[in-house]
Amino acid sequence: MVETTVGKSAKPDVEEFAPVPVRSGMGPRPGPLRMAGRFLARTFGPGELTLGGVRTPALVAGLVSAIAMLVRLFVPGPVGVADQGDGNGLVCSLGVSNVRPWDYADFTRFIYPSWTPHPLVGEACGAAGSGEPVYSSQLAFLWLGKLLTPLFGWGGGLDMRAVGIVCCLVFGLLIAALVAVLPGRASFRVLIAALVTVVMADGVFADFFISPYPEPAAFLGTLGLLVALLNYWNGARSRWVTILPVVGAGVFTIAAKPEMVSWLPVLALALLWLPQGSTRRSGRRAPEGSRWRRFAMPLLAIMAIAAFTVAFMAVQPKRTAELNLYNAVFAELLPHSPTPEEDLKWLGLDPGFVAASGTTVASPRSAALNPKFHEFQEEMGAGKLAGFYLTHPERLIGMGERGITAMLTPELGYIGSFMEGQGQPFAKDHRFPVVLGLLTALKAAPVALVAMQLLTLLLGLAVAFRKKAAVGRLAVVVVAAGWLQFWVVVLWSGQPEIYRQLLLSGFHAALCVPLLVALISILASGPERGQQQTASQATPGLRDPAVSA
């Protein structure tokens, strides 16, 4: 009950009992770290997650990235990755032969980028030991490099330095496209693109631009696929216009090398994860029939990619598959088995094959010299190998540990990076070892690598569902694709080639760094001004609990 005082000027009750705000909004003076954080948020934060309006920054970022990669690869002298001999199987289809020493110990010490016109036929061209043709989307870069080689005065054949120039220009185009499809203000987009450039510029990845290997197609195809998926999820254009680049980039990436087949299930998930704009174009509820029709085009795209993948895997050299299977059994499964004889019995093989444990097909104790080797060729296959690990899941733990250790050792010390006369034999390029330093540091605590990927995955889910931003979906896809790529390699490639094959998984892991920066910036950014005003208008006024109704 409220008392009144006689003789005093009456004042409205609403003023006398005006509510006192619990918080004034004025905290203590911010410290230097908070002030620095606010400055970085104002300068490089995403702001409103809008699209478009950055054509000039995108072009500038692409041009600068391409020039930076060219300088990084060619100044003061060219650097690349020496050929172990298997590069010839891919490049020889262009009618060229490598100018290099014939002894293995000699031509692996340095890079020999010159390939002169010299048609090769039979077993001299194709997969080693069989002459079967080798197919890869890397042939597109090699063909463009062959066109550019005479323009730079490097002869009439093919010079891998010209291929490196092609790869740098393609990378610049992809960075420009990345800036164009990322949401937020221009400074935020350029920052993320710069971090991606830092990852690609590390010698662990960039040196492959000047090499006969298919890794450049895998690296650049992955970046192109991520750009195409961002454009698809933005939902700013017609569905078929955004799906076609995803199909093209997906086909190119999978065609880079057989191990990239791991992208197929991830692409299916990504395409079925429909853009936000396609679920509600208006405030009305979409009819049930139209909901299913929205999936028609993504399903057709998945079927097209799957059909290409099946056809691509069918034309891969059988010799390569046999070597991978041999390594998976004799170089990985048996050497790390506590009971190798029992494992051979489970696989339906003669226990005498245990003598070939720890060998490759070219070793003096190779199982290929065993009179019963035909049993291995008849009994073993990818399906039986998968069945073994499904029934022996405890064996996957040790395999995963060895795989992570190999992924954190990305430097291939058994092949050189410099041209003869420009460096020491087998010397490695350390001009920009950012990723190499990060992975080497994580080797002291490999669990930190998995923790970084899990953090990227969780923050990606948070951004995808809370902020409705396509960058969150991209983080989920990158982590999932990296994990699948990892297990495809460790299960089916075996130990001899695991270091080079796991470079692609390391590339996915390194991309978590720019993704984490983007995700944290988006989550830390406040709501837009319009949303703040709407929220303040919708909040009911505070009432003094001492006043009865």
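About the cut-offs
- Residues numbered from 1 in each chain as written.
- Predicted model: local features only at pLDDT ≥ 70, side-chain atom pairs only at ≥ 80, totals over all residues.
- Heavy atoms only, no water.
- 1 Å grid on protein atoms, 1.4 Å probe; cavity = no way out; pocket = protein on both sides within 12 Å on 5 of 7 lines; lining within 4 Å.
- Points joined across faces, edges and corners; volume = space filled by probe spheres on them.
- Helix = DSSP H or I, 4+ residues; strand = E, 2+ residues; numbered from the N terminus.
- Phe/Tyr/Trp six-rings, centres within 6.5 Å; stacked < 30°, edge-to-face > 60°.
- Buried < 20%, exposed > 50% of the residue type's maximum accessible area, 1.4 Å probe, protein only.
- Core = buried A, V, L, I, M, F, W, Y, C linked by side-chain atoms within 4.5 Å.
- Domains from an automatic or database assignment.
- Contact = heavy atoms within 4.5 Å.
- Pairing = 2+ DSSP bridges.
- Disulfide = S-S within 2.5 Å.
- Expected span 1.5 Å × (residues − 1).
- Arc of directions from axis to C-beta.
- pLDDT = per-residue confidence, 0-100.
- Salt bridge = Lys/Arg side-chain N within 4 Å of Asp/Glu carboxyl O.
- Axes fitted to C-alpha atoms, helices over the stretch in contact; angles between N-to-C directions.
- Parallel < 35°, antiparallel > 145°, perpendicular 65-115°, else oblique.
- Left-handed = near helix turned anticlockwise from the far one by under 90°.
- Nonpolar A, V, L, I, M, F, W, Y, C, P; charged D, E, K, R; others polar.

Caption draft 1: Quick peek at empty space enclosed by the protein. The final tally for this structure, using the stated rule, is three cavities of 30 Å³ or more. When its volume is computed, the largest cavity comes out at roughly 190 Å³. Lining the largest cavity we find 16 residues, and of these Leu-178, Val-196, Leu-223, Leu-226 and Leu-474 sit closest to its centre. Ranked by residues supplied to the lining of the largest cavity, first place goes to helix α10 (residues 215-234) with four residues.

Caption draft 2: Focus on the packing of aromatic side chains. Under the counting rule described, the total for this entry stands at 20 aromatic pairs. Ring geometry for Phe-205 versus Phe-507: centroids 5.2 Å apart, planes at 75°, classification edge-to-face. Of this pair, Phe-205 sits in helix α9 (residues 203-206) while Phe-507 sits in helix α24 (residues 503-524), placing them 302 residues apart in sequence. The buried category is assigned to Phe-205, whose relative accessible area is 1%. When the ring of Trp-346 is compared with that of Phe-388, the centres are 5.4 Å apart and the planes differ by 75°; the resulting orientation is edge-to-face. One end of the pair, Trp-346, is in helix α16 (residues 340-346); the other, Phe-388, is in helix α18 (residues 382-391), and 42 residues separate them in sequence.

Caption draft 3: Seen up close, the nonpolar core. In terms of nonpolar packing, the biggest core is built from 141 residues, with Leu-158, Met-200, Phe-205, Trp-233, Trp-263, Phe-330 and Phe-376 touching the most fellow members. Two domains share this core, each providing at least three of its residues, namely domain 1 (53-213 + 409-445) and domain 2 (318-393). With residues near it in sequence (within four places) discarded, Phe-205 still touches Val-199, Met-200, Phe-219, Val-435, Leu-503, Gly-506, Phe-507 and Ala-510.

Caption draft 4: A look at the sheet that holds strand β3 (residues 158-159). Across the sheet, which stays open at both edges, the three strands sit in the order β1-β2-β3 with antiparallel pairing between neighbours. Edge positions in the sheet fall to β1 (96-98) and β3, since each has one partner strand and no second. As paired strands, β1 and strand β2 (residues 114-117) are joined by three bridges and run antiparallel to one another. Considered in β2, the bridge of Ser-97 is made with Thr-116.

Caption draft 5: The arrangement of the state of the cysteines in detail. Tallied over the full model, the rule gives one disulfide. Cys-92 shares a disulfide with Cys-125; S-S distance 1.9 Å. Between Cys-92 and Cys-125, the S-S torsion sits near 90°, and that sign places the bridge as right-handed. On the criterion of sequence distance, the pair formed by Cys-92 in the loop between α4 (88-91) and β1 and Cys-125 in the loop between β2 and α6 (138-148) is long-range, its members being 33 residues apart. Of the two residues, Cys-92 and Cys-125, both sit in the buried class. Free cysteine Cys-168: the closest other cysteine sulfur is in Cys-167, separated by 7.0 Å.

Caption draft 6: How the structure looks around helix α22 (residues 470-492). For α22, built from 23 residues, the straight-helix expectation of 33 Å at 1.5 Å per residue is met to within 8% by its first-to-last C-alpha distance of 33 Å. Of all the 23 residues making up α22, 18 are buried; the element is thus mostly covered by neighbouring parts of the structure.

Caption draft 7: Molecular detail of the pairing of β2. With two bridges joining them, β2 and β3 adopt antiparallel strand pairing. By the bridge assignment, Ser-114 is partnered in β3 with Asp-159.

Caption draft 8: Representation of the side chain of Gln-485. In this structure, Gln-485 sits in helix α22. Judged by its relative accessible area of 1%, Gln-485 is buried. Apart from the residues within four sequence positions on either side, Gln-485 is in contact with Glu-259, Met-260, Ser-262, Gln-501, Leu-504 and Ser-505.

Caption draft 9: Structural view of helix α20 (residues 434-442). If you check which residues of α20 are buried, you get Val-435, Leu-436, Leu-439 and Leu-442. Seen along its axis, α20 keeps its buried residues to an arc of 130°; they face one direction. Buried residues in α20 make contact with α8 (186-201), α9, α19 (395-407), α21 (447-466) and α24.

Caption draft 10: Summary view of the confidence of the model for the protein. Scored by pLDDT, the protein has a mean of 85; 84% of the residues are at 70 or more. Here residues 278-284 is a poorly scored stretch, pLDDT under 50, and it has four contacts once near neighbours within four places are set aside; other chains count.

Caption draft 11: Up close: the pattern of salt bridges. This structure, assessed with the given rule, holds 14 salt bridges. Of the charged contacts, one joins Glu-332 and Arg-402 as a salt bridge, the two residues approaching to 2.5 Å between their closest N and O atoms. Taken together, the residues Glu-332 in helix α15 (residues 318-333) and Arg-402 in helix α19 connect sequence positions 70 residues apart. Judged by relative accessible area, which is 3%, Glu-332 ranks as buried. Between Lys-384 and Glu-379 there is a salt bridge, with the nearest N and O atoms lying 3.2 Å from each other.

Caption draft 12: Fine view of the environment of Gly-358. Relative to the assigned elements, Gly-358 resides in the loop between α16 and α17 (373-379). Linking Gly-358 and Glu-332, residues 26 residues apart in sequence, is a C-alpha distance of 7.4 Å. Residues in contact with Gly-358, not counting those within four places in the same chain, are Phe-330 and Pro-335.

Caption draft 13: Local environment of unusual backbone geometry. The linkage connecting Val-75 with the following residue, Pro-76, adopts the cis geometry, with an omega of 0°. Positionally, Pro-76 belongs in the loop between α3 (55-74) and α4. Its identity is not glycine, yet Phe-426 carries a phi of approximately 65°, on the positive side. Relative to the helices and strands, Phe-426 is located in the loop between α19 and α20. Accessibility expressed as a relative area gives 31% for Phe-426, which makes it partly exposed.

Caption draft 14: Local environment of the packing of helix α7 (residues 160-181) against α8. For the pair α7 and α8, the least separation of the axes is 9 Å and the interaxial angle reads 150°. With respect to α8, the axis of α7 lies roughly antiparallel. The two elements α7 and α8 meet at a crossing, and its hand is right-handed. Mapping the contact onto sequence places Phe-171, Ile-175, Leu-178, Val-179 and Ala-180 in α7 and Arg-189, Ala-193, Val-196, Thr-197 and Met-200 in α8. When its residues are assigned to classes, the contact of α7 with α8 shows eight nonpolar, one polar and one charged.

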